[in-house]
Amino acid sequence: MKRKPWALGTIVTALLLTGPPAFASPTPGAPGVGDALWPNAGNGGYRVERQRLSFDFPADLETYTATSVLSLRATQSLSRFDLDLLGPRVREVKVDGKPATWQSTSDGELVITPLRPIRDGARFTVSVTVFNTAPDLEKNPPSKPEDLVNGMWRAGNYIQLHNQPVGARRVLAVDDHPSAKAPTTVSITTTGSANSVANGKLVSTTVSGERTTRVFDEPRPLATQLLQVGVGPFTVVHRSGPDGIDLRYAVPSDLADAVLPQLDKTFPEAIEFLERRLGRFPGSIAGVYATPTGGALETQGLTWLSAGQLTPENYEANGVDGTVAHEIVHEWFGDSVAPARWSDLWLSEGHARFYEWAWNEAHGRSTVEQNARHAYEVHRKHWLEKYGPVAAPDPASFGGSDDRPFSEGVYAGGALTLYALRQQVGDAVFERIERAWVTENHDSTGSTEQFIATASRVAGQDLGPFLRSWLYGKGTLPPMPGHPDWRAA
């Protein structure tokens, strides 16, 4: 639009008379996002727009150096701000390439003061380099399971991460809350013949003498609880999965022939099984990092599994294919659609358990109804009285556990809520609700109240009172639609 000369003159005169716009006085960013279960998790005053994380390991893997380079955007004028860090020794902190002062607190905060305050809306970069040890779980196993803290685990000549829920802060300086998702690049430098793997696609490999650096890029937003870094004597193989998905399996080289047939069968089958119910797989890469330690974790695009459980003799005997399917469900629920707060964890684990039930039913095992009935009958004993409501677990009930709020409440209680919803609205409407949820919140976060709103809109009825009675009820659960004879034990 052509501007009239007199109008331009008026604007210039006004600017000369009023001066530049005033900026709010800088104040400290909050040390957390206000999560009731993890009050210091995450940070206030900025948004993470990109994460560049690098790891450097010596040949013995006993220590490592890690650098976090985070691209941030201020949401207030900042005099100082926090990152989450607990344990690693800080070597250097810079803001926009200039040294900054910092202080570590005993409750897991790294308080950073830049040379100059940061204006609201400004983009800036913080770089933090740390040094840490990687204790060997094989040589020094914890005396009790509850003594095992989350973060980086080493098992002999293997490195892996188990960051869920807030273990990433024990590895390097980050914004450690599931709502702080950002595209992520991971660089891993190793010595000797050790292989390495991480979330995302391998985009470069550089060899310099005995040192090898591999760079992996995940363009989809990634929460730090889902970060995976693997180092060890493993082989990486690629397969073409459904819809052209890159299926990548990092498996111990000495077990590859025994492990790969199970993965080749179950992974594509489980993806197709879930796509028929939920729509297209939310990413373009999926697969497994299998290590000697036991466990399973839905690290985005690179599920961590136990190598021993994937051998033929253990796979069939222990129903491990159901566990694999459970973790793949998380690519939709938990990875793509992350919980907005830790009290929303049932949206992740409840869905994974529910579709694990469906998978087992389709493979001739116990039915969804049988599993739901069992969960209903034992709910008071197993979780409701101990941990509190499904979507409002009591923080005190977990003590100082690193795993709060993970309990049967979010797994079985969440799955039971979804079964009750399906009973209430019918199979067809339930499937439309599920597809709407994962589509509308793709690569974002979702809260319990958002899910209730989506379900109500898609069903064409107010499901708020119904769902809240299942999610926030205390002492007992409502009657199960269609099953008036079900009773709690």
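Reading guide: rules and limits
Residues numbered from 1 in each chain as written. Predicted model: local features only at pLDDT ≥ 70, side-chain atom pairs only at ≥ 80, totals over all residues. Heavy atoms only, no water. Phe/Tyr/Trp six-rings, centres within 6.5 Å; stacked < 30°, edge-to-face > 60°. Helix = DSSP H or I, 4+ residues; strand = E, 2+ residues; numbered from the N terminus. Buried < 20%, exposed > 50% of the residue type's maximum accessible area, 1.4 Å probe, protein only. Lys NZ or Arg CZ within 6 Å of the ring centre and 35° of its normal. Pairing = 2+ DSSP bridges. Core = buried A, V, L, I, M, F, W, Y, C linked by side-chain atoms within 4.5 Å. Domains from an automatic or database assignment. Salt bridge = Lys/Arg side-chain N within 4 Å of Asp/Glu carboxyl O. Contact = heavy atoms within 4.5 Å. Buried area = accessible area lost by both parts, 1.4 Å probe. Polar contact = N/O pair within 3.5 Å; in protein donor to acceptor, adjacent residues only side chain to side chain. Nonpolar A, V, L, I, M, F, W, Y, C, P; charged D, E, K, R; others polar.

1. Description of the packing of aromatic side chains
Under the criterion given, the structure shown has 22 aromatic pairs. With 5.3 Å between their ring centres and 65° between their planes, Phe234 and Tyr289 make a pair best called edge-to-face. You can see Phe234 sitting in strand E17 (residues 234-240) and its partner Tyr289 sitting in strand E19 (residues 285-291), a full 55 residues away along the chain. Like Phe234, the residue Tyr289 is buried in the burial classification. Where Trp342 meets Phe406, the ring centres are 6.1 Å apart and the plane angle is 55°; that geometry is what we call tilted. A residue pair is termed long-range when its members are at least 10 positions apart, and Trp342 in the loop between strand E22 (337-339) and helix H5 (346-362) and Phe406 in the loop between helix H6 (368-387) and helix H7 (408-425) qualify at 64 residues. For Phe406, a relative accessible area of 17% puts it in the buried group. Through a chain of ring-to-ring contacts, three or more aromatic side chains come together here, namely Tyr376, Tyr419, Phe466, Trp470 and Trp486. Geometry around Phe273 places Arg277 over its ring, the cationic atom sitting 3.6 Å from the centre.

2. Digging into the sheet that holds strand E12 (residues 182-191)
Whenever strands of a sheet pair, they do so through backbone hydrogen bonds, lying parallel or antiparallel. Taken in spatial order, the 8 strands line up as E6-E5-E9-E3-E2-E12-E15-E14 in an open sheet, and their pairing is mixed. Bordering the open sheet on either side are strand E6 (98-99) and strand E14 (201-208), each of which pairs with just one other strand. Judged from the 11 bridges that link them, strand E3 (residues 63-74) and strand E9 (residues 123-133) form a sheet pairing that is antiparallel. Bridge pairing links Thr65 to Phe131 in E9.

3. Observations concerning the nonpolar core
The biggest cluster of nonpolar side chains holds 82 residues, and the ones touching the most others in it are Tyr249, Phe267, Leu310, Ile328, Trp346 and Phe354. Counting residues domain by domain, this core receives three or more from each of domain 2 (234-325) and domain 3 (338-472).

4. With respect to the side chain of Ser348
Along the chain, the position of Ser348 falls in helix H5. Overall, the relative accessible area of 4% leaves Ser348 in the buried class.

5. Some thoughts on the pattern of salt bridges
Following the criterion strictly, the structure yields 19 salt bridges and no others. Here Asp217 makes a salt bridge to Arg50, at a shortest N to O gap of 2.5 Å. In this pair, Asp217 sits in strand E15 (residues 211-222) while Arg50 sits in strand E2 (residues 46-56), placing the two residues 167 residues apart along the sequence. Between Arg373 and Glu377 there is a salt bridge; the shortest N-O distance is 3.0 Å. Here Arg373 pairs with Glu377, and both are found in helix H6, just 4 residues apart, close to one helical turn. According to the relative accessible area criterion, Glu377 is partly exposed, its value standing at 26%. Through salt bridges that share partners, Arg353, Glu356 and Glu408 make up one connected network.

6. Focus on the domain arrangement of the protein
Note on interface size: it is often stated as the accessible area lost on association of the parts. Along its sequence, the protein is carved into domain 1 (42-232), domain 2 (234-325) and domain 3 (338-472). Relative placement of domain 1 and domain 2: their C-alpha centres are 26 Å apart. Domain 1 puts 29 residues into the contact, and the matching count from domain 2 is 20 residues. Both sides together, the interface formed by domain 1 and domain 2 hides about 2000 Å², and carbon and sulfur atoms give 59% of it. Looking only at domain 1, the three residues that lose the most surface to domain 2 are Tyr158, Val197 and Arg220, adding up to 28% of its buried area. Where domain 1 meets domain 2, there are 0 salt bridges. Linking domain 1 to domain 2 there are 13 residue pairs in polar contact (both at pLDDT 80 or more). Of all elements in the fold, only strand E10 (151-155), strand E11 (158-162), strand E13 (195-198), E15 and strand E16 (229-232) reach the threshold of two or more residues within the side of domain 1 that touches domain 2. Here the side of domain 1 that touches domain 2 is built from residues that sort into 14 nonpolar, 11 polar and 4 charged.

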